[in-house]
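# Observations on chain architecture
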Amino acid sequence: MTHAQAKIRHAKLAEEIRGHDHAYYVEAKPTISDQEYDRLYHELLDLEKEFPDLITPDSPSQRVGGEPLTEFKPVQHLSPMTSLDNTYSQAEVREFVARVQRLVPDGKLERMVEPKVDGVAINLRFENGVFTCGATRGDGTTGDDVTSNLKTIRGIPARLRETGKKLPAVVEIRGEVFMPKAAFAKLNVERTANGEEPFANPRNSAAGSLKQLDPRLAAKRALDIIVYGLGTFQGAEPPKEHDEVLAWLKKAGFKTPEKTWKCYSADELIAAIDELDTLRKKFLYETDGAVIKLNSFALRERVGFTSKAPRWAMAYKYAAEQAETKLKAITIQVGRTGALTPVAELEPVFLAGSTISRATLHNEDELRRKDIRVGDTVTIEKAGEVIPAVVGVVLTKRTGNEVQFVFPSTCPECGSKVARTEGAAGEGGVVWRCMNPDCPAQIRGRIEHWCARGAMDIEGGGEVLVGQLVKNGLVQDVADLYKLTLDELMNLERMGEKSAQNFLDGIQASKSRDLWRLLFGLGILHVGAGVAKALGKAFATLDDLFAASLPQLVETEDVGEVIAQSIVQWHGDARNRKLIERLRKAGLNFKSSLYNPAAAAGALAGKTFVLTGTLPTLKREEAAAKIEALGGKVSGSVSKKTDYVVAGEEAGSKLDKAQKLGIKVIDEAELLRMCQPSNS
Ligand code: IVH
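As the structure is a prediction and not an experimental result, all values here were calculated from the model. (Residues numbered from 1 in each chain as written. Predicted model: local features only at pLDDT ≥ 70, side-chain atom pairs only at ≥ 80, totals over all residues. Heavy atoms only, no water.)

### Some remarks on unusual backbone geometry
How we decide: Under the scheme used here, helices are H or I runs from DSSP no shorter than 4 residues and strands are E runs no shorter than 2 residues, and both carry numbers assigned from the N terminus. Only protein chains enter the accessibility calculation, which uses a 1.4 Å probe; a residue is then buried when its area is under 20% of its type maximum, exposed when over 50%, and partly exposed in between.
Positive phi, close to 65 degrees, is recorded for His362, a residue that is not glycine. Within the secondary structure layout, His362 lies in the loop between strand 14 (354-360) and helix 11 (364-369). Judged by its relative accessible area of 34%, His362 is partly exposed. Not every positive phi belongs to a glycine, and Asp457 is a case in point at roughly 55 degrees. On the secondary structure map, Asp457 appears in the loop between helix 12 (440-451) and helix 13 (463-471).

In structure tokens form, the structure reads like this:
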């Protein structure tokens, strides 16, 4: 066969295979036998072997997964991926309807309701019709490049199908990658049989699969995708309405939400949400809610965004599912802050897509208030990503043989005395705390937290390995991680050279992480990721931060008295200061790339704005960007903390509230004056 002939045959085969893939994976209507498909596929592979230049990125052969990666590269979305406001209350859905109606008082508004797929949000970029890049949402601006893994998903066409409309030069397609319920159940059976930890729910397993560095492993996971929106759309006439988008996406070769509703009134919306609640149980994937969206893009533009989410959409989440089971025992878990958390050990029960055998009981007060006893039949609840919790006792099932739990007066890990303390954020109420900083459970917790993805992101630094490191006396605190050697790691039980080296590479890579990750990783009480980022914006280096006085800290955006005190107190402890010096010696980065003195010293620093109504020239996002560039903050709702409400035409309830609270109301012209250089 000549090269020219091969080229023609290859193009034809590729086209044919793509068509069969679409029929099988998207339409679920196979058009040929597996055998016939294999024959076509092998013919394609043979041609590519003989003429390797015929291999194009969109060839069906490129789905099997390329070489393993060492890391996921960050990729910036062309348009940001925002999140949605959530509610569990139908009353809030009605408020949402009224709110949008106030912003656009003219006429009946058309809204779409569609399933909220419980998976991982993904952005797919197609250039001239070819899939070129796919990324996770990340922080909304920048995500992880998971293109190689996404290529293994047959529901993502390697090139867009003919739609009868002009092909956009660049288009971003937004959707949710998920693992079907059946595939999830099968995977967990396999994992348990192999002695691996089962995934908690289908969403975690989809996320875990997408985060496999080796695409050949990701290819083995039965992932699929449903798409529901667009980001950037360039080089062709963009659609004007959401249902037009869905129709276009379907023609272009994707699965779109399997049922949507067009609604006008709040009653119709609620009826659609209720109908979906019944239908979703039969869907092949988890659906945790309904998404309501304004259909018209022109109206979306008028309604705009808050700082976090669009005002034209909302997610209604279905209430947590509940189940009854027996409480076999109560154990105590000691966290990194020393907090003693009672944990319910349960008779395993299937709930909301996964098997539950443990649930949190929060703290002693909660346990007493609910009068939960060992041997009780209890109701447990789980909503989406929330850890399962015991809601209460089924009193009618009490036999009298149940036993009250006696809270320990010493730490079950190290035997030290425990003290009742005020709970930190997320711990709730009053907690018993082990006050011994050398308690092995706290040491383990601190190191695991340091390694966590949201902190220093050291792959492998999970419960099992950290447990071994502490037990063998190799690591006492996070600075010890930087002294570990390959030999030491390989001497640990069940540790191969490859995993040991990977862990060491992760530790090495963590040295250059941004300052906010290090700050969060230190686990200073009340310094969560958000506060750590705020500190990173306000201080150039760790030394500048620790040199700051209490009043200086309090002045920092998002940092109040309690947080500032906690930072000062932490640094006041000589052991912590020593730890910092050891981290410095180990070569860790103490500089902040977020540091933005212009914003910190900007004309609007420390001021909170709320935007309402339609401004004469600026779009809402533009006004927000101007305010933020000068250090101001934009909030979605008016409160006593608001400094200015910028009101445009048809400003609604926010303006009323501002007037009631006596907050200064300004117009766009005044805002622009405040943003002028002479003011900064
Ligand atoms: S629209 C600006 N539609 O839910 C609008 N999101 O809670 C962006 N999701 O981040 C999203 N199904 O990951 C939209 N039919 C659907 C969805 C959906 C699931 C996810 C998505 C989003 C999250 C918001």
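### Some words on the pairing of strand 15 (residues 377-382)
Keep this limit in mind: Pairs of strands are assigned from DSSP output, requiring at least two bridges between the strands.
Counting buried positions along strand 15 yields 5 of 6 residues, so the element is predominantly enclosed. Sheet topology note: the strand 12 (residues 321-334)/strand 15 ladder contains 6 bridges and is antiparallel. Bridge pairing in strand 15 links Gln322 to Glu381. Where strand 15 meets strand 16 (residues 389-393), 4 bridges bridge the pair, whose relative direction is antiparallel. Bridging across to strand 16, Glu381 finds its partner in Ala389.

### What about the packing of helix 3 (residues 90-103) against helix 9 (residues 266-279)?
As a reminder, the rule being used: Axis definition: a line fitted to C-alpha atoms, limited for helices to the stretch in contact. Angles are taken between N-to-C directions and run from 0 to 180 degrees. In this scheme, roughly parallel covers angles under 35 degrees and roughly antiparallel covers those over 145, while 65 to 115 is roughly perpendicular and the rest are oblique. By definition, any crossing whose near helix is turned counterclockwise from its far helix by less than a right angle is left-handed, and any crossing with a clockwise turn is right-handed. Contacts: residue pairs with any heavy atoms within 4.5 Å of one another. Under this grouping Gly is polar, as are all residues other than the nonpolar Ala, Val, Leu, Ile, Met, Phe, Trp, Tyr, Cys and Pro and the charged Asp, Glu, Lys and Arg.
Between helix 3 and helix 9, whose axes approach to 10 Å, the crossing angle comes to 140 degrees. By the angle between their axes, helix 3 is oblique relative to helix 9. Where helix 3 crosses over helix 9, the two elements pack in a sense that is right-handed. For the pair helix 3 and helix 9, the contacting residues are Gln90, Val93, Arg94 and Val97 in the first and Ala266, Asp267, Leu269, Ile270, Ile273 and Asp274 in the second. Broken down by class, the residue content of the contact of helix 3 with helix 9 amounts to 6 nonpolar, 1 polar and 3 charged.

### Things to note about the pattern of salt bridges
Going by this rule: Salt bridges are defined by distance alone: a side-chain nitrogen of Lys or Arg within 4 Å of a carboxyl oxygen of Asp or Glu.
Counted under the stated rule, the structure contains 41 salt bridges. Ionic pairing is found between Glu114 and Lys293, a salt bridge with its closest N-O pair at 2.5 Å. Residue Glu114 is located in strand 3 (residues 111-117), and its partner Lys293 is located in strand 10 (residues 287-294); the two are separated by 179 residues in the primary sequence. Given the relative accessible area of 9%, Lys293 is considered buried. The structure contains a network of salt bridges with shared partners spanning Arg9, Glu36, Arg39 and Glu43.

### A closer look at the site of the ligand
Where we set the bar: Being near a molecule or strand, for a residue, means having at least one of its heavy atoms within 4 Å of it. Here a polar contact is taken to be a pair of N or O atoms separated by no more than 3.5 Å, where protein atoms must pair a possible hydrogen donor with a possible acceptor and residues adjacent in sequence count only if both atoms sit in side chains.
Neighbouring the ligand are Thr82, Leu84, Glu114, Pro115, Lys116, Val117, Ala121, Glu176, Tyr228, Val291, Lys293 and Pro310. At a separation of 2.8 Å, an oxygen atom of the ligand approaches a polar side-chain atom of Glu176. Within the side chain of Tyr228, a nitrogen or oxygen atom sits 3.4 Å from an oxygen atom of the ligand. Listing elements by their share of the shell around the ligand, those giving two or more residues are strand 3 and strand 10. Broken down by class, the residue content of the shell around the ligand amounts to 7 nonpolar, 1 polar and 4 charged.

### Here we look at the sheet that holds strand 5 (residues 130-136)
As summarised here, the arrangement of the 4 strands in space is 5-4-7-8, forming an open sheet in which the pairing is antiparallel. The open sheet has two edge strands with one neighbour each: strand 5 and strand 8 (224-234). Between one strand axis and the next, the sheet turns through 25 degrees on average, direction left out of account. As defined by bridge partners, strand 4 (residues 120-127) adjoins strand 5 across 6 bridges and the pair is classed as antiparallel.

### Focus: the environment of Val645
Along the polypeptide, Val645 turns up in strand 21 (residues 644-647). For the pair Val645 and Glu621, spaced 24 residues apart in the sequence, the C-alpha separation amounts to 15 Å. Setting aside anything within four residues of it in sequence, one finds Val645 in contact with Val610, Thr612, Val638, Ala658, Ile663, Lys664, Val665 and Ile666.

### Some words on the nonpolar core
Which entries qualify depends on this criterion: Residues grouped as a nonpolar core are buried Ala, Val, Leu, Ile, Met, Phe, Trp, Tyr and Cys residues, joined through side-chain atoms within 4.5 Å.
By size, the foremost hydrophobic cluster in this structure holds 51 residues, and its most contacted members are Trp450, Leu481, Leu535 and Leu583. If you list the elements that add at least two residues to this core, you get helix 12, helix 13, helix 15 (497-510), helix 16 (515-521), helix 17 (529-538), helix 18 (542-547), helix 20 (561-572) and helix 21 (574-585). The greatest single-element share of this core, amounting to 5 residues, is contributed by helix 16. The contact partners of Trp450, leaving out residues within four places of it in the chain, are Ala455, Met456, Asp457, Ile458, Val478, Leu481, Tyr482, Leu518, Gly521, Leu522, Leu583 and Leu588.

### Looking at the sheet that holds strand 10
Sheet architecture is open: 5 strands sit in the order 2-11-10-3-9, paired in mixed fashion. Strands at the two margins of the open sheet, each flanked by one partner only, are strand 2 (86-87) and strand 9 (261-263). Pairing between strand 10 and strand 11 (residues 313-317): 5 bridges, direction antiparallel. Bridging from a neighbouring strand, Gly289 pairs with Lys317 of strand 11.

### Here's the deal with helix 15
Stated precisely, the cut-off is as follows: Residue count minus one, scaled by 1.5 Å, sets the expected span of a helix. The arc in question is the one spanned by the directions pointing from the helix axis to the C-beta atoms.
Helix length check: helix 15, at 14 residues, gives a terminal C-alpha distance of 20 Å against a target of 20 Å (1.5 Å per residue), a fit within 8%. For helix 15, the set of buried residues is Ala500, Phe503, Leu504, Gly506, Ile507 and Ser510. The buried residues of helix 15 all sit within an arc of 155 degrees when viewed along its axis, so they share a single face. On its buried side, helix 15 packs onto helix 13 and helix 14 (486-490).

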